[in-house]
Amino acid sequence: MTNVLWLWSLAAAARYSSASAVSSDDPRYMLLGTWYGGATQPFVDAGVAAGFNSVRVTADWGRMETAPGVIDWSVLDNQTAYVHDVSKLPLVFNIWCRRNGPDAVVPLAGLAVDQFGNGSTNRGSTWSISFGNEAAVSSALAFAKAVVERYQQRYPDSTSI
């Protein structure tokens with residue numbers, strides 16, 4: 001079902017958007033959004049062909065930092081390089097400060113749970129952190145800061161949206 005909706009949205013964008021309707025004096029962005037790992041070359045190329053002129057990439061804390069202080073940048077680096085260097089599109093970063101459950105980075109005490117001890121989840125797959133837990137909040141902020149610093153250094157002249 002998701003692939004059908006995605007293909008429909010690209011087709012609809014191509015059918016109902018007009019590049020001539022956007023002047024360079026007043027840039028308007030049609031954002032092609034992706035989840036972590038979703039900004040593949042075919043996806044971005046199809047989006048550009050359909051009229052999208054910016055891409056959102058997702059930094060997923062739960063997948064990128066599986067050991068305290070060790071961040072795997074490989075997926076996000078590959079996505080951003082293709083979008084920025086090849087497609088020449090503005091990048092928008094979506095930073096997900098969620099976990100896949102209690103783990104080495106954020107133990108159960110740092111996660112939001114209900115009165116029964118069940119995790120507060122997003123579609124049943126990722127757990128929200130507890131904003132009442134200083135260590136969890138500090139870890140999430142450290143991850144977000146690392147993402148911002150890394151990509152500001154890589155793309156200092158990138159367009160801000």
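A.B. asks: An account of the overall build of the protein is needed here, citing residue identities and associated values.
C.D. replies: Scanning the protein from N- to C-terminus turns up 5 helices and 8 strands. In the protein, buried positions account for 36% of the 161 residues. Pairs at least 24 apart in sequence give 64% of the contacts found in the protein among residues at least 6 apart. Approximately 9,500 Å² of the protein is accessible, and the part contributed by carbon and sulfur atoms is 55%.

A.B. asks: If you had to explain the pairing of strand S2 (residues 54-60) to someone new, which residues and values would you point to?
C.D. replies: On a regular strand, one side chain projects to one face of the sheet and the next to the other, so that they alternate. Within S2, 6 of the 7 residues are buried, which leaves the element mostly enclosed by the surrounding structure. Where strand S1 (residues 31-33) lies against S2, 3 bridges are found, and the strand directions are parallel. Residue pairing in the sheet places Gly33 in a bridge with Arg56 of S2. Each parallel crossover has a hand, and the one from S1 via helix H2 (residues 41-50) to S2 is right-handed. Summarising the sheet, S2 and strand S5 (residues 91-96) pair through 6 bridges and their orientation is parallel. Its bridge partner being in S5, Thr58 is matched across the sheet by Asn94.

A.B. asks: So what's going on with unusual backbone geometry? Which residues, and what values?
C.D. replies: Most peptide bonds adopt trans geometry, and most residues besides glycine take a negative phi value. Here the phi dihedral of Lys88 falls at roughly 60°; this positive angle occurs in a residue that is not glycine. Mapped onto the secondary structure, Lys88 falls in the loop between helix H4 (74-86) and S5.

A.B. asks: If you had to explain the environment of Arg56 to someone new, which residues and values would you point to?
C.D. replies: Tracing the chain through its elements places Arg56 in strand S2. It is 9.5 Å that separates the C-alpha atoms of Arg56 and Val83, two residues lying 27 residues apart in sequence. Sequence-distant contacts of Arg56, that is, excluding residues within four places in its chain, are made with Leu31, Leu32, Gly33, Thr34, Trp35, Val92 and Asn94.

A.B. asks: Now, about the nonpolar core: what can you tell me, with residues and values included?
C.D. replies: Counting residues in hydrophobic clusters, the biggest one holds 30 residues, and the most contacted among them are Val44, Val55, Trp61, Met64 and Ile129. Those elements that place two or more of their residues in this core are H2, S2, helix H3 (61-64), H4 and helix H5 (134-154). When residues of this core are assigned to their parent elements, the largest contribution, 6 residues, is made by H5. When sequence neighbours within four positions are dropped, the list of residues in contact with Val44 reads Leu32, Ala39, Val55, Tyr82, Val83, Ser87 and Leu89.

Here is what the cut-offs are and how they apply
Residues numbered from 1 in each chain as written. Predicted model: local features only at pLDDT ≥ 70, side-chain atom pairs only at ≥ 80, totals over all residues. Heavy atoms only, no water. Helix = DSSP H or I, 4+ residues; strand = E, 2+ residues; numbered from the N terminus. Buried < 20%, exposed > 50% of the residue type's maximum accessible area, 1.4 Å probe, protein only. Contact = heavy atoms within 4.5 Å. Areas by Shrake-Rupley, 256 points an atom, 1.4 Å probe, with all protein chains shown as cover. Pairing = 2+ DSSP bridges. Right-handed = clockwise from strand over helix to strand, strands pointing away. Core = buried A, V, L, I, M, F, W, Y, C linked by side-chain atoms within 4.5 Å.

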